[in-house]
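Structure assessment
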Amino acid sequence: MDLIIRRTLTLIDDKRVDAGRRAEMPLRKVAVIYMLENPYIGRYVEDLSPLIEASEGLGRDMAQTALKALDGMPVQSYGKGGVVGLGGEQEHANALLTTTFANPFREAIGGAQAWISSMTKVAAPGAVIDVPMNCKDDVYVRSHYDGMTLLIPDGPMPDEVAIIFCMGTGGRINARVGGLRYEDIPASA
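I will try to describe carefully the structure that is included in this document. (Residues numbered from 1 in each chain as written. Predicted model: local features only at pLDDT ≥ 70, side-chain atom pairs only at ≥ 80, totals over all residues. Heavy atoms only, no water.)

Things to note about the overall build of the protein chain
Looking only at helices and strands, the protein chain features three helices and seven strands. Its C-alpha atoms put the protein chain at 50 × 35 × 25 Å along the principal axes. Looking at the protein chain as a whole, 47% of its 189 residues are labelled buried. Here the analysis covers contacts within the protein chain between residues at least 6 apart in sequence; of these, 79% occur between residues at least 24 apart. Accessible area of the protein chain: about 9,300 Å², with a carbon and sulfur share of 50%. Of the charged side chains in the protein chain, 19 are positive and 24 negative, and the gap between their average positions amounts to 9 Å. (Helix = DSSP H or I, 4+ residues; strand = E, 2+ residues; numbered from the N terminus. Buried < 20%, exposed > 50% of the residue type's maximum accessible area, 1.4 Å probe, protein only. Contact = heavy atoms within 4.5 Å. Areas by Shrake-Rupley, 256 points an atom, 1.4 Å probe, with all protein chains shown as cover. Lys, Arg positive; Asp, Glu negative; His and termini not counted. Charge placed at Lys NZ, Arg CZ, Asp CG, Glu CD.)

In structure tokens:
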């Protein structure tokens with residue numbers, strides 16, 4: 001199956017100050033959103049494996065877009081999400097966000113062992129979604145429990161699916177709730 005990409009959006013968020021305290025290093029978070037034509041609009045399809053298979057190429061393309069936005073900065077966290085237009089089903093986004101889609105991101109950033117937090121929903125154009133993020137190497141690194149709140153301008157249209165991947169260069173600025181620290185993750189993770 002060939003996925004038809006209608007639009008792409010890239011958001012770069014460089015956070016330098018939080019709670020009045022300047023960060024030693026800005027936290028960069030990047031969100032890449034691809035608006036796709038939904039091939040299963042208005043009908044129930046039992047076998048969604050063609051979407052799953054097609055998502056590998058989508059993941060590769062989106063990973064390269066995200067890496068360009070990171071401009072050489074290392075990745076420490078990630079998350080994914082999807083918003084289906086009102087004419088489709090939530091399951092359409094989930095089919096596009098499986099491990100098949102995510103593995104090209106892991107390859108592009110040189111590993112990443114942790115599971116990738118995700119959120120999907122059906123919504124009207126102009127939808128807002130909170131995409132959860134966690135540490136790429138160990139889900140128990142509390143400082144990296146974060147996310148991005150994204151507004152999708154003019155989308156998704158009823159016959160579209162918005163697929164989202166987020167990456168971050170670190171944990172929350174001023175994180176101080178304890179637990180496993182990023183720098184203490186075993187090298188084999």
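Brief notes about helix α3 (residues 99-108)
All buried positions along α3 are accounted for by Phe101, Ala102, Pro104, Phe105 and Arg106. Against α1 (49-70), β3 (77-84), α2 (90-96) and β7 (160-168) lie the buried residues of α3. Residue Gly110 follows α3 closely and has a positive phi angle near 80°.

Looking at the nonpolar core
In terms of nonpolar packing, the biggest core is built from 34 residues, with Leu58, Met62, Tyr78, Phe101, Ile163, Phe165 and Met167 touching the most fellow members. Counting residues per element, the ones that place at least two in this core are β2 (21-37), α1, β3, α2, α3 and β7. Among the elements that make up this core, the one with the highest residue count is α1 (eight residues). Once residues lying within four places of it in the same chain are set aside, the contact partners of Met167 are Arg28, Lys29, Val30, Ala66, Leu70, Val75, Ser77, Tyr78, Phe105, Ile109 and Met133. (Core = buried A, V, L, I, M, F, W, Y, C linked by side-chain atoms within 4.5 Å.)

Observations concerning the pattern of salt bridges
Tallying each qualifying case throughout the model produces 11 salt bridges. The partner of Asp14 in a salt bridge is Arg28, and the shortest N-O contact between them spans 2.6 Å. Of this pair, Asp14 sits in strand β1 (residues 5-18) while Arg28 sits in strand β2, placing them 14 residues apart in sequence. Overall, Arg28 belongs to the buried group, its relative accessible area being 14%. (Salt bridge = Lys/Arg side-chain N within 4 Å of Asp/Glu carboxyl O.)

Observations concerning the packing of aromatic side chains
Think of a pair of aromatic rings as described by two things: how far the centres are apart, and how the planes are tilted against each other in angle. Scanning all chains against the criterion turns up four aromatic pairs. Seen in terms of ring centroids, Tyr78 and Phe165 are 6.1 Å apart; in terms of plane orientation they differ by 80°. Their pairing is edge-to-face. In this pair, Tyr78 sits in strand β3 while Phe165 sits in strand β7, placing the two residues 87 residues apart along the sequence. The exposure class of Phe165 is buried, given its relative accessible area of 0%. (Phe/Tyr/Trp six-rings, centres within 6.5 Å; stacked < 30°, edge-to-face > 60°.)

Keep in mind that these numbers describe shape and distance, not what the molecule does.
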